[in-house]
Amino acid sequence: MNERKNSQQPQCGFGLLNLSCNVCGFGPCRINPFESDDQKTICGASRDTIVAWNFLRDITDGSIIFFKELEKLIRDFKESVRQQAFPEPSKEEISKCFENLLAKFRKETDAITLSDLLLKFLFEEKIFVELLESLFPEKILEEWKEKNILPSFPSDEIFNGLLRANFGVSSDPLHLIIQALRCSIVGLGCSMLLYRLKDLIYGSPVLREGYIGLGTLSGKDINIVVKELPIALANQLFKELENSEIEKYIQEKEVKKINIVGLGAFGLDLLIRNGVPCCGGALDIEQVISTGRTDLVILDELCNLFSISDLTKKYSTKFLSFSPLVKIEHVEKIDYVPKQAKKVATDILRLAVESYKRRKELAKFHKEKSEVRYRVSVKCLKELTSDEISLLARTISEGHIKGIVLLVGCEKPPENVKDKILKFVEKLVENNILVLCSGCWVYSVVDSLLMAGKFDEKAGEELKKVCKQLGILPVTLLGSCTELGRGLELFVQISKDLKVDLNKLPFAVMVINYVNNLVLNLGVSGATIGVTSFVSSSKALSSNEVLRILQDEVESLTGGRIIFEADADKVFETLFDLLLDKSDLLAESI
């Protein structure tokens, strides 16, 4: 991927600055960043309109992904339970994961009723608003309603986002960005439901040690890499590894065992919940295959590199997908219904064995396998007791803990940027600032960022003390990009406890090296609840009006701000100063 990226340099400057437009048949049009501000496209759109259009399309795109990911998981869960292919969670387990939500409807419910209720959130305004009421303080909801940024329901807001950014509908940058805020709230709401449902299905994250890196791919064993698995199949696949018939079949092929390893966002979900090793981020798939040790890969419908088709000519890796949306050369589509999970699981294992027999180990042996210690979300963020939340809130209000930063991203940072990020994280924890990380970018820095004890000793004394009391780490892995909502929910809980508006608390979101617009959507959603969100990108820098709206107008609407900045050093300096200033002001006001 890096070679192809280098071959694309220099990348189109109009595209990098969001100054090109291809939304209608008049295009493509472009605005020269070095000429006067009164330039127009063929339809008469200004540079401010084009940048706002592109920003809205990106945010809406992220909402679409969240919408489909949530809908897919709900329907898979419902059918898996209905077909008795997956054990139905108890009413107590359902209540534990969806307590606040169910309190508005019924105290107890079963899996099928829960699924139907969750689907209604996506398509019915009244139900979606009631969801938001169960998640956010009344004051935030009242401000959203007053400022006209309270969403109706997800599918409606997505359609409106696509329509407003279309030819001949809206040229007002503020009007367009308000719709982007509504779509980002949709993304945040879907995220909060998504991780709750994952907790119910796969189990809650716990403190454990796990492994990340190419070294998780065994040279002597069969390796199955999973980017996605339907619910019942995931459950059955691990069971079949202990099946005596499968064990006998493997032994006949002179193989010791079958090794299942995660990849990308789904890999992080398995890691934090079940301790399944991860071999890399979604964009590392070429490196994973080129080890020559990957016998079978199961793809999802997000963040795939189409270049994997070329690698099949060199390596024997077998590619499968269960998604009707995926159509990539040499990727075999597998028809699946939950009641066939046992048969499909057996077929997958047999396909992996056959692929192993054709294995071509052409790459060097990768020994890298980083041991990772992490304390993740449900216990340390979502299910802290009221006393523990009060403890964390009090230490923040008194200035002992100087703030909390959420870091989320996709792509592996360049080495010079990676070093800057690590030094910045070290600076944060040394100054008693808690750091929460999510997204595939953590794979590239895991050896430095999350290795057991790496930042424990470097943390400031106050941060060490609080982390010990709460059982969390100074640098905590939340999981995949979709788990960022957990951190934002923690912000909301602390705000409720202190009875202080979120825009007055020392919290920030930072989006780094994002590729998928889902990540941008979640990053921007932080600003909708009153938090300052930093986006390390140049995509809004060409319009002073859009920059003003993202900072000043958004602040007047929500209390939060959205700051675009391509220079990493400036981002780090601004973010650090912001947290310290807010921490000092908070301590003085309490």
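Parameters and conventions
Each chain carries its own residue numbering, running from 1 in the direction its sequence is written. This being a predicted model, a pLDDT of at least 70 is required before a residue's local features are given, and a value of 80 or more before pairs of side-chain atoms are given or counted; all residues contribute to the totals for chains, interfaces and linings. Side-chain numbers come from the whole structure's heavy atoms, not from hydrogens or water. Only protein chains enter the accessibility calculation, which uses a 1.4 Å probe; a residue whose area is less than 20% of its type maximum is buried, one above 50% is exposed, and one in between is partly exposed. Put simply, DSSP marks the helices as runs of H or I at least four residues long and the strands as runs of E at least two long, and each gets a number from the N terminus on. Our arc is simply the arc of the directions from the helix axis toward the C-beta atoms. By definition, residues are in contact when any of their heavy atoms lie within 4.5 Å. Definition used for salt bridges: Asp or Glu carboxyl oxygen within 4 Å of a side-chain nitrogen of Lys or Arg. A pair of strands is considered paired only if DSSP assigns at least 2 bridges between the two.

Visitor: Outline helix H12 (residues 244–252), supporting the account with residue identities and numerical values.
Guide: Side chains of residues three or four places apart in an α-helix project in the same direction, reflecting 3.6 residues per turn. When we look at burial in H12, the residues that qualify are Ile246, Tyr249 and Ile250. The buried residues of H12 all sit within an arc of 100° when viewed along its axis, so they share a single face. Turned more than 90 degrees from where H12 packs its buried face, Ser244, Glu245, Lys248, Gln251 and Glu252 sit exposed. The inward-facing, buried residues of H12 abut helix H11 (231–240), strand S5 (258–262) and helix H16 (341–357).

Visitor: Describe in detail H11, supporting the description with residues and values.
Guide: With seven of ten residues buried, H11 lies mostly within the body of the structure. Along H11, the residues classified as buried are Ile231, Ala232, Leu233, Ala234, Gln236, Leu237 and Glu240. Along its buried surface, H11 packs onto helix H3 (47–82), helix H10 (173–202), H12, S5 and H16.

Visitor: Talk me through the pattern of salt bridges; I want residue IDs and the actual numbers.
Guide: Opposite charge on two side chains lets them pair, provided their charged atoms get close. Per the counting criterion, the structure on display carries 30 salt bridges. We note a salt bridge from Lys72 to Glu301, for which the minimum N-O separation is 3.3 Å. Linking Lys72 in helix H3 with Glu301 in the loop between strand S6 (296–299) and helix H15 (308–311), this pair joins segments that are 229 residues apart in sequence. Taking the relative accessible area as the measure of exposure, Lys72 reaches 26% and is therefore partly exposed. Note that Lys227 is salt-bridged to Asp300, the shortest N-O span being 2.9 Å. Here Lys227, found in the loop between strand S4 (222–226) and H11, pairs with Asp300, found in the loop between S6 and H15; they are 73 residues apart in sequence, far enough to count as distant. We classify Lys227 as buried; its relative accessible area is 2%. Residues participating in the shared-partner salt-bridge network are Lys198, Asp199, Asp269, Arg273, Glu483 and Arg486.

Visitor: If you had to explain the pairing of S4 to someone new, which residues and values would you point to?
Guide: In terms of burial, S4 is largely enclosed, as five of its five residues are buried. Residues Ile222, Ile224 and Val226 line one face of S4 and the alternating positions Asn223 and Val225 line the opposite face, and both faces are buried. Where S4 lies against S5, five bridges are found, and the strand directions are parallel. Across the sheet, the residue bridging to Val225 is Val261, located in S5. With three bridges connecting them, S4 and S6 associate as parallel partners. Directly across from Val225, in S6, lies its bridge partner Val297.

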